[in-house]
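# A closer look at the structure
So you can see what is in the structure, the chains are spelled out below.
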Amino acid sequence: MNNLRISTEKLMELKRNLPHGAINEIANELGIHRNNVTDVFKGKWENEQVIDLAIQKIEIKREAVANQEARINKVLKG
């Protein structure tokens with residue numbers, strides 16, 4: 001594991017930006033309890049895989065929102 005220290009503030013900001021249900025998804029994908037996932041965001045436990053999956057889920061959600069906005073704009077113009 002990379003000993004990259006991430007501030008608690010950044011971790012909480014990551015958690016706030018997660019899509020609905022992502023904590024359970026991360027827990028299920030990694031085979032850990034959802035409390036372990038939330039402990040990572042509270043800075044109580046370090047797990048790089050949790051962080052990586054959280055970033056991935058935020059990126060996927062943002063891309064989906066951007067695509068949806070583009071489709072809406074296209075439909076409304078035409």
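Residues numbered from 1 in each chain as written. Predicted model: local features only at pLDDT ≥ 70, side-chain atom pairs only at ≥ 80, totals over all residues. Heavy atoms only, no water.

Secondary structure assignment for the protein chain yields four helices and zero strands. If you list the helices and strands of the protein chain from N to C, you get α-α-α-α. The C-alpha radius of gyration of the protein chain comes to 15 Å, more than 25% above the 12 Å expected for a compact globule of 78 residues. For the C-alpha atoms alone, the extent of the protein chain along its principal axes is close to 50 × 25 × 20 Å. Of the contacts formed within the protein chain by residues at least 6 apart in sequence, a portion of 57% connects residues at least 24 apart. As displayed, the protein chain offers around 6,000 Å² of accessible surface, 48% of which is attributable to carbon and sulfur atoms. Taken together, the 13 basic and 11 acidic charged side chains of the protein chain have centroids lying 7 Å from each other. (Helix = DSSP H or I, 4+ residues; strand = E, 2+ residues; numbered from the N terminus. Rg over C-alpha atoms; globule rule 2.2 N^0.38 Å. Contact = heavy atoms within 4.5 Å. Areas by Shrake-Rupley, 256 points an atom, 1.4 Å probe, with all protein chains shown as cover. Lys, Arg positive; Asp, Glu negative; His and termini not counted. Charge placed at Lys NZ, Arg CZ, Asp CG, Glu CD.)

What follows concerns the environment of L14. With respect to the helices and strands, the residue L14 is situated in helix α1 (residues 8-17). Residue classification places L14 among the buried residues on the basis of a relative accessible area of 18%. For the pair L14 and I58, spaced 44 residues apart in the sequence, the C-alpha separation amounts to 8.2 Å. When residues no more than four places from it in sequence are discounted, the contact partners of L14 are F41, I51, I55 and I58. (Buried < 20%, exposed > 50% of the residue type's maximum accessible area, 1.4 Å probe, protein only.)

Further remarks concern the environment of K61. As for its placement among the helices and strands, K61 is situated in helix α4 (residues 48-77). For the pair formed by K61 and P19, sequence separation is 42 residues and the distance between their alpha carbons is 6.8 Å.

The biggest cluster of nonpolar side chains holds 15 residues, and the ones touching the most others in it are L18, I26, V37, F41 and V50. Listing elements by their share of this core, those giving two or more residues are α1, α2 (22-30), α3 (34-41) and α4. At five residues, α4 tops the list of elements feeding residues into this core. When sequence neighbours within four positions are dropped, the list of residues in contact with F41 reads T8, L11, M12, L14, K15, L18, V50 and A54. (Core = buried A, V, L, I, M, F, W, Y, C linked by side-chain atoms within 4.5 Å.)

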